[in-house]
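Survey of secondary and tertiary structure
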Amino acid sequence: MEAAAITAVVRAFCAAYNSHRTGDVAALYTVDAIHEDIAHGRPKVGAQAIADGLQKFIGWFPDAQWKLGSIIAGNEGRAAIQYTLTGTLCSSLGPIVPRGQKISLRGLMVLTLENGKIARSEDYWDATTFQKQLDCNTPEERS
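Each residue is numbered by its place in its chain's sequence as written, counting from 1. For this predicted model, a pLDDT threshold of at least 70 governs which residues receive local features, and a threshold of 80 or more governs which side-chain atom pairs are given and counted, while totals over whole chains, interfaces and linings are taken from all residues. Side-chain figures throughout are based on the complete set of non-hydrogen atoms in the structure, without hydrogens or water.

A word on the sheet that holds strand β4 (residues 78-88)
Hydrogen bonding along the main chain pairs the strands of a sheet, whether they run parallel or antiparallel. Taking strand neighbours across the sheet as the criterion, the 6 strands line up as β2-β1-β6-β5-β4-β3 in an open arrangement whose pairing is mixed. Across the chains shown, the open sheet's two edge strands, defined by having one partner strand only, are β2 (44-45) and β3 (65-73). In this scheme, strands are said to pair when DSSP sees at least two bridges between them. By definition, any uninterrupted DSSP run of H or I lasting at least four residues is a helix, any uninterrupted run of E lasting at least two residues is a strand, and each is numbered from the N terminus. Pairing analysis gives 8 bridges linking strand β5 (residues 102-114) to strand β6 (residues 117-125), with the strands arranged antiparallel. Within β6, the position partnered with L108 by the bridge is Y124. Contacting β1 (29-37), β3, β4, β5 and β6, helix α1 (residues 3-19) crosses the sheet at an angle of about 170 degrees to β3. Strand contacts of helix α4 (residues 127-135): β5 and β6, with the helix running at about 145 degrees to β5, the strand carrying the most contacts. Any two residues having at least one pair of non-hydrogen atoms within 4.5 Å are treated as being in contact. Geometry is summarised by axes, namely lines fitted to C-alpha atoms with helices restricted to the contacting stretch, and by angles between N-to-C directions that run from 0 to 180 degrees.

Next up, the structure:
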């Protein structure tokens, strides 16, 4: 798979996430794809499980947006995507009660594609930064 084709899948992937259309997200993955959220170490297996996980996340952060940074696409079906995730907590996340906490979290997603679909995604982000932002009440505390 050439870099241009990989980049097109990456852009479709980000557009699907930002539109919150979980069916579109699932369609980009192979049926038996694996998504590993490295910070939590709980992989999701299967396109539908991945879409369901995104739907759950959107329930917590209904305004979630992934802003693309750099895209590095190789010719061997792999891509690295730099992103910044923003959103506002709007429903309880475990013991964390929503108080309008805003998140702005930088991350890196590594994708492995097979036959034009995502077979594996690995999401790297800092859980400590995420937790700190959720625990804060004011913009000053978030800085």
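Regarding the packing of aromatic side chains
Geometry of aromatic contacts follows a simple scheme: Phe, Tyr and Trp rings, the Trp one being its six-membered ring, pair when their centres are within 6.5 Å, and the pair is stacked under 30 degrees between planes, edge-to-face over 60, tilted otherwise. By the definition in use, this model includes 7 aromatic pairs. Considering the side-chain rings of F13 and Y17, the 4.6 Å spacing of their centres and the 50 degrees angle between planes classify their relative orientation as tilted. Taken as a pair, F13 and Y17 lie in helix α1 at a separation of 4 residues, close to a single helical turn. With respect to class, F13 is no different from Y17; both count as buried. Between the aromatic rings of F61 and F130, the centroid separation amounts to 6.1 Å while the plane-to-plane angle is 50 degrees, which identifies the pairing as tilted. Of the two residues, F61 is situated in the loop between α3 (47-60) and β3 and F130 in helix α4; the sequence distance between them amounts to 69 residues. With a relative accessible area of 11%, F130 lands in the buried category. Put simply, the rings of F13, Y17, Y29, F57, F61, W66, W125 and F130 pair up and form one aromatic cluster. Only protein chains enter the accessibility calculation, which uses a 1.4 Å probe. A residue is then buried if its area is under 20% of the maximum for its type, exposed if over 50%, and partly exposed in between.

No statement about biological role is implied by the geometric values presented.
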